[in-house]
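Residue-level structural notes
Chain by chain, the residues:
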Amino acid sequence: MAVSVAAAAGRLRRAIRRTPQWRGPSRRALSSEAPPTQAAAVRDAFLSFFRDRHGHRLVPSASVRPRGDPSLLFVNAGMNQFKPIFLGTVDPRSEMAGFRRVANSQKCVRAGGRHSDLEDVGRDLSHHTFFEMLGNWAFRGVYFKEEACSMAWELLTQVYGIPEDRLWVSYFGGDPKAGLGPDLESRDIWLKLGVPASRMLSFGPQENFWEMGDTGPCGPCTEIHYDLAGGVGAPQLVELWNLVFMQHNREKDGSLQPLPQRHVDTGMGLERLLAVLQGRRSTYDTDLFSPLLNAIHQGCGAPPYSGRVGAADEGHTDTAYRVVADHIRTLSICIADGVSPGMSGAPGCWGLIWALNPSRLVLRRLLRRAVRFSTELLRAPPGFLGSLVPVVVETLGGAYPELQRNSAQIASLVSEDEAAFLASLQQGRRIIERTVRRLGPSDVFPAEVAWSLSLSGNLGLPLDLVKLMLEEKGVQLDSAGLERLAQEEAQHRAQQAEPVQEQGLRLDVHALGALQRQGVPPTDDSPKYNYSLRPSGGYEFGTCEAQVLQLYTEDGTAVASVGEGQRCGLLLDKTNFYAEQGGQASDRGYLVRVGLQDVLFPVARAQVCGGFILHEVAAPECLKVGDQVQLHVDEAWRLSCMEKHTAVHLLNWALRQALGPGTEQRGSHLNPEWLRFDVATQAPLTPEQLRAVEGTVQKAVGQDEAVYMEEVALARTAHVPGLRSLDEVYPDPVRVVSVGVPVAQALNPASQAALQTSVELCCGTHLLRTGAIGDLVIIGERQLAKGTTRLLAITGEQAQQAREVGQSLAQEVEAAAARLSQGSRDVVEAQRLSKEMGRLIDAVDTAVMPQWQRRELQATLKALRRRANTAVRKLEMGQAAQKTQELLQQHSEGPLIVDTVYAESLSVLVKVVRQLCKQAPSTSVLLLSPQPLGQVLCACQVAQSATPAFTAEAWALAVCSHMGGKAWGSRVVAQGTGSTADLDAALSTARAYALNKL
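Rules used throughout
- Residues numbered from 1 in each chain as written.
- Predicted model: local features only at pLDDT ≥ 70, side-chain atom pairs only at ≥ 80, totals over all residues.
- Heavy atoms only, no water.
- Salt bridge = Lys/Arg side-chain N within 4 Å of Asp/Glu carboxyl O.
- Buried < 20%, exposed > 50% of the residue type's maximum accessible area, 1.4 Å probe, protein only.
- Helix = DSSP H or I, 4+ residues; strand = E, 2+ residues; numbered from the N terminus.
- Axes fitted to C-alpha atoms, helices over the stretch in contact; angles between N-to-C directions.
- Parallel < 35°, antiparallel > 145°, perpendicular 65-115°, else oblique.
- Left-handed = near helix turned anticlockwise from the far one by under 90°.
- Contact = heavy atoms within 4.5 Å.
- Nonpolar A, V, L, I, M, F, W, Y, C, P; charged D, E, K, R; others polar.
- Pairing = 2+ DSSP bridges.
- UniProt positions renumbered as here; feature names shortened; annotations may be inferred.
- Polar contact = N/O pair within 3.5 Å; in protein donor to acceptor, adjacent residues only side chain to side chain.
- Core = buried A, V, L, I, M, F, W, Y, C linked by side-chain atoms within 4.5 Å.
- Domains from an automatic or database assignment.
- Buried area = accessible area lost by both parts, 1.4 Å probe.
- Expected span 1.5 Å × (residues − 1).
- Arc of directions from axis to C-beta.
- Patch = residues over 30% accessible without salt bridge, like charges linked within 9 Å, V, L, I, M, F, W, Y side chains within 5 Å.
- Areas by Shrake-Rupley, 256 points an atom, 1.4 Å probe, with all protein chains shown as cover.
- Lys, Arg positive; Asp, Glu negative; His and termini not counted.
- Charge placed at Lys NZ, Arg CZ, Asp CG, Glu CD.

Some remarks on the pattern of salt bridges
If you walk through the whole model with that rule in mind, you get 35 salt bridges. Residue Arg-51 pairs with Asp-52 through a salt bridge whose shortest N-O separation is 2.8 Å. For Arg-51, a relative accessible area of 40% translates into the label partly exposed. Residue Asp-634 pairs with Arg-588 through a salt bridge whose shortest N-O separation is 3.2 Å. Pair noted here: Asp-634 is in the loop between strand 20 (628-633) and helix 18 (635-659) and Arg-588 is in the loop between strand 15 (566-572) and strand 16 (589-593), with a separation of 46 residues, a long-range link. A relative accessible area of 35% means that Arg-588 is categorised as partly exposed. Look at the salt bridges and you will find they share partners, linking Glu-554, Arg-567, Arg-605 and Glu-616 into a network.

Remarks on the packing of helix 2 (residues 39-53) against helix 4 (residues 145-159)
The geometry of a pair of packed helices is captured by two quantities: the angle between their axes and the separation between those axes. Contact geometry of helix 2 with helix 4 gives a least axis separation of 11 Å together with a crossing angle of 125°. Taken together, the axis directions place helix 2 and helix 4 in an arrangement best described as oblique. When you trace helix 2 past helix 4, the crossing you get is right-handed. On helix 4, the residues that touch Ala-45, Phe-46, Phe-49, Phe-50 and Arg-53 of helix 2 are Met-151, Glu-154, Leu-155, Gln-158 and Val-159. For the contact of helix 2 with helix 4, a count of residues per class yields 7 nonpolar, 1 polar and 2 charged.

A word on the sheet that holds strand 32 (residues 973-979)
Across the sheet, 5 strands lie side by side as 28-29-30-32-31; this open sheet has mixed pairing. Lying at the two open borders of the sheet, with one neighbouring strand each, are strand 28 (896-900) and strand 31 (966-969). Ignoring strand direction, the axes of neighbouring strands in this sheet form an average angle of 10°. Alignment of strand 31 against strand 32, held across 4 bridges, turns out to be antiparallel.

Re the UniProt feature "binding site: Zn(2+)" (unreviewed entry) in the protein
According to UniProt, the "binding site: Zn(2+)" (unreviewed entry) feature falls on His-645, His-649, Cys-762 and His-766. Taken along the chain, the residues just named run across 122 residues; in space they keep tight, none of their C-alpha pairs more than 9.8 Å apart. Position of His-645 relative to the elements: it lies in helix 18. Under the relative-accessibility criterion, His-645 is labelled buried at 4%. The residues contacting His-645, other than those within four sequence positions of it, are Gly-582, Gln-584, Leu-670, Cys-762, Gly-764, Thr-765 and His-766.

Points about the side chain of Thr-663
Positionally, Thr-663 belongs in the loop between helix 18 and strand 21 (665-670). Thr-663 sits in the buried class, given a relative accessible area of 8%. If we skip the residues at most four places from it in the chain, Thr-663 touches Leu-655, Arg-656, Val-679 and Ala-680.

Details of the side chain of Asn-80
For Asn-80, the position within the fold is in the loop between strand 1 (57-58) and helix 3 (83-87). Judged by its relative accessible area of 10%, Asn-80 is buried. For Asn-80, the side chain forms a polar contact with the main-chain nitrogen of Asn-76, separated by 2.8 Å. When neighbours within four sequence positions are excluded, Asn-80 is seen to be in contact with Leu-72, Phe-74 and Val-75.

Some details on the sheet that holds strand 25 (residues 759-761)
What the 3 strands build is an open sheet, ordered 23-24-25; its pairing is antiparallel. Every interior strand has two partners, whereas the edge strands, strand 23 (707-712) and strand 25, have only one. If you compare each strand with its neighbour and ignore which way they point, the axes differ by 20° on average. By the bridge criterion, 6 bridges tie strand 23 to strand 24 (residues 734-739) in an arrangement that is antiparallel. Bridged to Glu-710 within strand 24 is Val-736.

With respect to the pairing of strand 9 (residues 256-269)
Relative to strand 9, strand 3 (residues 130-138) is paired through 4 bridges, and the arrangement is antiparallel. Each bridged residue has a counterpart across the sheet, and for Leu-134 the counterpart in strand 9 is Met-268. Taken together, strand 8 (residues 237-250) and the strand that follows it, strand 9, pair antiparallel across an intervening segment of 5 residues, in which Gly-254 is found at a positive phi of about 90°.

Section: unusual backbone geometry
Of note, the amide linkage connecting Asp-732 to Pro-733 takes the cis form, showing an omega dihedral of 10°. Here Pro-733 lies in the loop between strand 23 and strand 24. Of note, the phi angle at Asp-704 is positive, near 50°, even though the residue is not glycine. Relative to the elements of secondary structure, Asp-704 occurs in the loop between helix 19 (687-702) and strand 23. Here Asp-704 falls in the partly exposed class, since its relative accessible area comes to 30%.

Comments concerning the nonpolar core
Judged by nonpolar contacts, the single largest core of 115 residues is most densely connected at Ile-162 and Trp-241. Top contributing element to this core by residue count: helix 9 (residues 317-336), with 11 residues. Summarising the domain contributions, this core has at least three residues from each of domain 1 (39-278) and domain 2 (289-496). Residues in contact with Ile-162, not counting those within four places in the same chain, are Leu-156, Thr-157, Leu-167, Tyr-226, Leu-240, Leu-273, Val-276 and Leu-277. In terms of nonpolar packing, the next biggest core, distinct from the first, is built from 52 residues, Cys-544, Leu-572, Ala-606 and Ala-793 among them.

Concerning the domain arrangement of the protein
When its domains are assigned, the protein resolves into domain 1 (39-278), domain 2 (289-496), domain 3 (509-633), domain 4 (639-705 + 769-890) and domain 5 (893-996). Put simply, the middle of domain 1 and the middle of domain 2, counted by C-alpha atoms, are 33 Å apart. Across the boundary between the two partners, domain 1 contributes 26 residues, which contact 27 residues of domain 2. On the domain 1 side of the interface with domain 2, the three residues burying the most area are Lys-107, Leu-118 and Phe-130, jointly 25% of the side's total. Our count for the domain 1 to domain 2 interface comes out at 3 salt bridges. Among the ionic pairs, Glu-402 bridges to Lys-107, the shortest N-O distance being 2.4 Å. Put simply, domain 1 and domain 2 have 14 residue pairs in polar contact (both at pLDDT 80 or more) between them. At the level of secondary structure, the elements contributing two or more residues to the side of domain 1 that touches domain 2 comprise strand 2 (101-109) and strand 3. The dominant element in the side of domain 1 that touches domain 2, judged by the number of residues it contributes, is strand 2, at 4 residues.

Some points on helix 19
Given 3.6 residues per helical turn, the α-helix brings residues three or four places apart onto the same face. Spanning 16 residues, helix 19 covers 22 Å between terminal C-alpha atoms, matching the ideal 22 Å at 1.5 Å per step. For helix 19, the set of buried residues is Pro-687, Leu-690, Val-693, Glu-694, Val-697, Ala-700 and Val-701. Projection of helix 19 onto a plane perpendicular to its axis shows the buried side chains occupying an angular sector of 160°, all on one side. Opposite its buried face, helix 19 presents the exposed residues Glu-688, Lys-699 and Gly-702, each directed more than 90 degrees away. Each element contacted by the buried residues of helix 19 is listed here: helix 18, strand 26 (776-785), strand 27 (788-795), helix 21 (796-822) and helix 23 (851-890). Backbone geometry just after helix 19 places Asp-704 at a positive phi near 50°.

Topic: a positive patch on the surface
On the surface, Arg-430, Arg-434, Arg-437 and Arg-438 cluster together into a patch of positive charge. As for its position among the elements, Arg-438 is in helix 13 (residues 407-438). Judged by relative accessible area, which is 64%, Arg-438 ranks as exposed.

Digging into the packing of helix 9 against helix 13
Orientation of helix 9 relative to helix 13, taken along the N-to-C sense of each, is 120°, at an axis distance of 9 Å. Between helix 9 and helix 13, the crossing angle belongs to the class labelled oblique. The way helix 9 lies across helix 13 gives a crossing that is right-handed. Touching Ile-328, Ser-332, Ile-335 and Ala-336 of helix 9 are Ile-410, Leu-413 and Val-414, all from helix 13. Grouping the constituent residues of the contact of helix 9 with helix 13 by class yields 6 nonpolar, 1 polar and no charged.

Structure below.
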């Protein structure tokens, strides 16, 4: 037996590594035993099995936008939403804290980051950027290996009817380096379930040990595989289901420690399971994809899809079918969840606040890839991709209703971006053709031009497409220059990105487990709401006395005391500090030991970890477990945060008033200085809308409305029309914040109060009356992507100062417009006015002022600058015409004019040269214009009959180099500058060079 198992293991290792991608003729059936099963029925059977037979709770799929997990671009596995449970950081008051047995179908996207299948999509028959992960979970040891394996075997063989002899299993064979033995427990469970040893394989950590990341919960896994060969010849195995048994934790030093609580995490791809049940060799041949492939065929007129890959796929037609079908599914799912194709990030003084969003760049690339394949290979008509959205909604909308709710917006965004890309493609081709025409025989295509065409530049064309277009013309790209530009862009983004705050001290899974085993209750942070209004209108914040329950060193070690100068984590039985969450910055302040009031222990921040509030403290003296302390929040800091948070709620309400009740918040962040608010929009906000939003907030502030806050059962908030909430896990009971209306009245569905004022679920700290906000000014607005706008705002005195700056700049613009209307007497005055417009444009672009006013002034200044530049050009043309006539009178007809003339600017000098050559086409002209302080301007033009031996650029360079300066231009026209006291020598150099070439 041992020999046969070893031999089988060797064969199967090779088989598993050789055939994971389901290559081959896709129309060949796997078997003829079972009739095809529809995708919806397969999904429902999975969920019903775990709910009805094994008491699992069904939870909806999380959004593909990661919730508070910066390590992910997209949700890429079913377990992502449950990470707080695995890490022990789940809020004990939340619904998730009560999860024990759970099952769901999770939307997953693998199109960027560590786990990306983007480059493989289309090349084979199984890879997808979007897929559905069927999974079941057991938390905190409610069941473990035996039950998980039994359930999986029962579902596959009894419910889905997969023949047992087509199923193989693998288990963890151990890792001597890590000191881990083989998972014989799993092996014995499978033997007990009837899996013969000849269909069991043991693998090392690469195949059968699952890890969440470089650190964190992990454990052995056992996988169920399906044999495509069905016993004919060598086995061809594809993985169906992965059962992970989380029982270890990977520490920072790489070692493994037992987890305080064990969990089961399983995942099975619906698409692959469906292919098995429908007897298909390819996931693209299932009913999840066939409606899309048929729609593509009907919409494009390309040959029908035939499932070919590699060399057999002539013209890459079938590859294009798979790419388009996959990508439109991913785009539809992501847009429905609030992630739209586009680019984010902004220059200027607020660049640090505009956070870059790589997931949108990935989607932008995805959409452009789909457009390229559909238009170039399938010959699709314009607007084709948007026409596929209803097919996606029809196949997936029953499982994910957000697709149905947002179908019109999805189709609109896809169509808009497709049209924009096709327009960019046409413009890009024109730019490339014009640039190529100017290149010499051995010149490379300029990196700067290629970069301006790319996703990082202006047109958004993928660089690989730019390279392909150049290859078709036989032109080589300046790759070294392109690499340099990419490095500069990376450095620029690093400078503009929002600074990454230190993680600070954290409680890891072991520390949290120890607290739970010791029976330490979660921190009582209700005192953070203990503040009141004085009769004078100021706020009084109460202190809080608490006991030190635990101290932690910077490396997370629990200690009984800390000494002078140590930075430590402090856990108390209660606190009045607000720990950062819900977009609100953490409180800061200090604490003192009771009886030792003159020694302050500064508190830099407070963080919540699994219901425990950890205070980051610098200890000037000894502090030990059991000490009684008194906590004081930084009142100015807290009050500023309260102002901003209540302002965020009013801003949310005002946006709904201006844009419509369906307007959705996409996120927010606030600190004492500013607030940031992301909102779903169909188009950029107009200046009128921005002004109206500010006006609505100002009205609520001016009325000094009461702000009511109350904790209620989460169930009471489920069906209140107009109640605002985010895609977050809320505690139960949950805190409700209502402006102007008592909470009980706001939650009464019959009152419709939540439709008429701001009512939100929120755990933040708020003002008790709105008047303390003082004022709110939106100082920045940017469309992060089609469908999402980010607003920046300030309040109070800062807002008043912004209004004063805006008013001052408006007066300057008005005065400049009046001066422009009076006209200019000469070129110098006109140029001074033009420069003044440029200065005002820069001032308006960068000033902290109302955004609506900025947009209005920008439009006004744009028109004024056009008028000023037109005036300059007219005066320069007149001046140039006069000097041209003077020079023509001085020089008889000939092949060369080299002379000096006074011109007030290089622009005027160039115009004189051009007019001379226009009136004397066979004459080559070079003019020098002495300026104050010894500078000399130079401009020249070479007659068409004198080229190519004689070029303007070389002529100007020879003369300007003689004067110690520089020159630039083309073969026909050039200009430059230099400095010399001997103009005659410079003129002699110019004549000698020209005569030598002529």
